[in-house]
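# Observations on the model geometry
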Amino acid sequence: TNGPAGRGTEAVIGMRRAMVRIRSEFPAFELDVRIGVHTGPCVAGVIGRQRYIYDLWGDTVNLASRMESSGVNSRIQVSEATYLRTRHAFRYEHRGEIPIKGRGLMKAFLLQENDADDATPNLDDRTAAEPLASPASPAGPRDDIDVLPT
(Lines give C-alpha, C1' and ligand atoms only; values in the text may rest on other atoms or scores of the structure.)
Protein backbone atom coordinates (compact mmCIF):
# COMPACT_ATOMS: atom_id res chain seq x y z
CA THR A 1 0.00 0.00 0.00
CA ASN A 2 1.39 3.37 -0.95
CA GLY A 3 1.66 6.30 1.40
CA PRO A 4 2.38 6.65 5.10
CA ALA A 5 -1.17 5.82 6.19
CA GLY A 6 -1.15 2.56 4.25
CA ARG A 7 2.31 1.56 5.44
CA GLY A 8 1.36 2.39 9.02
CA THR A 9 -1.80 0.29 8.72
CA GLU A 10 0.24 -2.64 7.37
CA ALA A 11 2.64 -2.24 10.31
CA VAL A 12 -0.12 -2.41 12.93
CA ILE A 13 -1.59 -5.49 11.23
CA GLY A 14 1.84 -7.08 11.68
CA MET A 15 1.88 -6.06 15.35
CA ARG A 16 -1.53 -7.58 15.99
CA ARG A 17 -0.57 -10.80 14.19
CA ALA A 18 2.63 -11.00 16.25
CA MET A 19 0.53 -10.75 19.42
CA VAL A 20 -1.67 -13.60 18.16
CA ARG A 21 1.44 -15.78 17.70
CA ILE A 22 2.81 -14.82 21.12
CA ARG A 23 -0.54 -15.49 22.76
CA SER A 24 -0.66 -18.98 21.17
CA GLU A 25 2.88 -19.74 22.38
CA PHE A 26 2.11 -18.65 25.96
CA PRO A 27 -1.51 -19.63 26.61
CA ALA A 28 -1.07 -19.44 30.39
CA PHE A 29 -0.70 -15.67 30.14
CA GLU A 30 -3.72 -13.50 29.41
CA LEU A 31 -2.08 -11.29 26.79
CA ASP A 32 -4.07 -8.99 24.59
CA VAL A 33 -3.60 -5.89 22.51
CA ARG A 34 -5.75 -2.98 21.40
CA ILE A 35 -4.36 -0.77 18.65
CA GLY A 36 -5.48 2.74 17.69
CA VAL A 37 -4.43 4.62 14.55
CA HIS A 38 -4.91 8.22 13.48
CA THR A 39 -3.33 9.92 10.49
CA GLY A 40 -2.05 13.50 10.55
CA PRO A 41 0.89 15.77 11.30
CA CYS A 42 3.05 15.40 14.38
CA VAL A 43 6.32 16.63 15.83
CA ALA A 44 9.19 14.19 16.31
CA GLY A 45 12.29 14.66 18.39
CA VAL A 46 14.83 13.29 20.79
CA ILE A 47 14.37 13.52 24.57
CA GLY A 48 17.26 13.32 26.99
CA ARG A 49 20.79 14.44 27.60
CA GLN A 50 22.42 11.21 28.77
CA ARG A 51 20.03 8.53 27.55
CA TYR A 52 18.31 9.51 24.31
CA ILE A 53 14.74 8.55 23.49
CA TYR A 54 13.00 9.28 20.20
CA ASP A 55 9.41 10.46 20.72
CA LEU A 56 6.39 11.88 18.89
CA TRP A 57 4.07 14.65 20.09
CA GLY A 58 0.95 16.40 18.93
CA ASP A 59 -2.77 16.10 18.32
CA THR A 60 -2.27 13.16 15.94
CA VAL A 61 -0.52 11.15 18.66
CA ASN A 62 -3.24 12.06 21.17
CA LEU A 63 -6.02 11.00 18.80
CA ALA A 64 -4.27 7.69 18.03
CA SER A 65 -4.11 7.09 21.79
CA ARG A 66 -7.83 7.88 22.09
CA MET A 67 -8.56 5.44 19.25
CA GLU A 68 -6.70 2.78 21.23
CA SER A 69 -8.30 3.52 24.60
CA SER A 70 -11.83 3.53 23.15
CA GLY A 71 -11.15 0.49 20.96
CA VAL A 72 -11.99 -3.18 21.21
CA ASN A 73 -9.53 -5.78 22.51
CA SER A 74 -7.75 -7.80 19.81
CA ARG A 75 -8.81 -5.26 17.18
CA ILE A 76 -7.34 -2.29 15.31
CA GLN A 77 -9.47 0.85 15.49
CA VAL A 78 -8.79 3.78 13.17
CA SER A 79 -10.02 7.34 12.94
CA GLU A 80 -11.99 8.69 10.01
CA ALA A 81 -8.82 10.39 8.70
CA THR A 82 -7.00 7.05 8.45
CA TYR A 83 -10.08 5.33 7.05
CA LEU A 84 -10.41 7.93 4.28
CA ARG A 85 -6.76 7.49 3.26
CA THR A 86 -6.77 3.68 3.34
CA ARG A 87 -10.34 2.61 2.56
CA HIS A 88 -9.45 1.41 -0.95
CA ALA A 89 -6.67 -0.89 0.29
CA PHE A 90 -8.25 -2.31 3.47
CA ARG A 91 -11.70 -3.45 4.59
CA TYR A 92 -13.33 -1.75 7.58
CA GLU A 93 -16.32 -2.15 9.85
CA HIS A 94 -17.92 1.20 10.70
CA ARG A 95 -18.39 1.56 14.47
CA GLY A 96 -20.40 4.72 14.18
CA GLU A 97 -19.69 7.78 16.28
CA ILE A 98 -18.02 7.05 19.59
CA PRO A 99 -17.29 9.44 22.47
CA ILE A 100 -13.65 10.57 22.44
CA LYS A 101 -12.34 12.32 25.55
CA GLY A 102 -11.70 15.99 24.83
CA ARG A 103 -13.24 15.77 21.34
CA GLY A 104 -16.84 14.64 21.65
CA LEU A 105 -18.28 12.20 19.14
CA MET A 106 -15.97 10.98 16.36
CA LYS A 107 -16.40 8.37 13.64
CA ALA A 108 -14.34 5.23 14.18
CA PHE A 109 -13.72 2.14 12.10
CA LEU A 110 -12.45 -1.36 12.93
CA LEU A 111 -9.97 -2.86 10.50
CA GLN A 112 -11.03 -6.19 8.99
CA GLU A 113 -8.05 -8.41 8.21
CA ASN A 114 -7.80 -9.39 4.53
CA ASP A 115 -6.79 -13.03 5.11
CA ALA A 116 -9.67 -14.95 6.68
CA ASP A 117 -7.30 -17.65 7.96
CA ASP A 118 -5.40 -14.99 9.96
CA ALA A 119 -8.53 -13.50 11.50
CA THR A 120 -8.48 -13.63 15.27
CA PRO A 121 -11.61 -14.14 17.32
CA ASN A 122 -12.17 -11.61 20.06
CA LEU A 123 -11.24 -13.73 23.09
CA ASP A 124 -13.41 -11.71 25.42
CA ASP A 125 -15.92 -8.92 25.31
CA ARG A 126 -13.91 -6.40 27.34
CA THR A 127 -13.75 -2.94 25.81
CA ALA A 128 -12.36 0.41 26.86
CA ALA A 129 -14.18 0.06 30.19
CA GLU A 130 -11.35 -2.27 31.24
CA PRO A 131 -8.19 -0.52 30.01
CA LEU A 132 -5.07 -2.47 29.21
CA ALA A 133 -1.99 -1.66 31.25
CA SER A 134 -0.07 1.40 30.05
CA PRO A 135 3.06 3.05 31.34
CA ALA A 136 2.56 5.93 33.74
CA SER A 137 3.15 9.33 32.21
CA PRO A 138 5.71 11.58 33.86
CA ALA A 139 4.27 14.23 36.13
CA GLY A 140 5.29 17.87 36.11
CA PRO A 141 7.55 19.86 33.81
CA ARG A 142 10.65 18.25 32.35
CA ASP A 143 13.98 19.96 31.92
CA ASP A 144 15.63 17.16 29.95
CA ILE A 145 13.71 17.65 26.68
CA ASP A 146 15.61 18.73 23.61
CA VAL A 147 13.59 18.80 20.40
CA LEU A 148 15.77 18.28 17.36
CA PRO A 149 14.57 18.73 13.78
CA THR A 150 14.10 15.48 11.89
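Everything below is about the structure printed above this text.
Below or above, wherever it landed, is the structure these notes cover. (Residues numbered from 1 in each chain as written. Predicted model: local features only at pLDDT ≥ 70, side-chain atom pairs only at ≥ 80, totals over all residues. Heavy atoms only, no water.)

Turning our attention to the packing of aromatic side chains. Aromatic rings in a pair are described by how distant their centres are and how their planes are angled relative to each other. For the structure shown, the criterion picks out 4 aromatic pairs. Judged by centre distance (5.3 Å) and plane angle (80 degrees), the ring pair of Tyr83 and Tyr92 falls under edge-to-face. You can call Tyr83 partly exposed: its relative accessible area is 23%. The class of Tyr92 is buried, set by a relative accessible area of 15%. Centroid distance Tyr92 to Phe109: 6.5 Å. Interplanar angle 75 degrees. Geometry classified as edge-to-face. Of the two residues, Tyr92 sits in strand 5 (residues 91-100) while Phe109 sits in strand 6 (residues 104-112), which places them 17 residues apart along the sequence. The exposure class of Phe109 is buried, given its relative accessible area of 6%. Aromatic ring contacts, followed pair by pair, group Tyr83, Tyr92 and Phe109 into a single cluster. (Phe/Tyr/Trp six-rings, centres within 6.5 Å; stacked < 30°, edge-to-face > 60°. Buried < 20%, exposed > 50% of the residue type's maximum accessible area, 1.4 Å probe, protein only. Helix = DSSP H or I, 4+ residues; strand = E, 2+ residues; numbered from the N terminus.)

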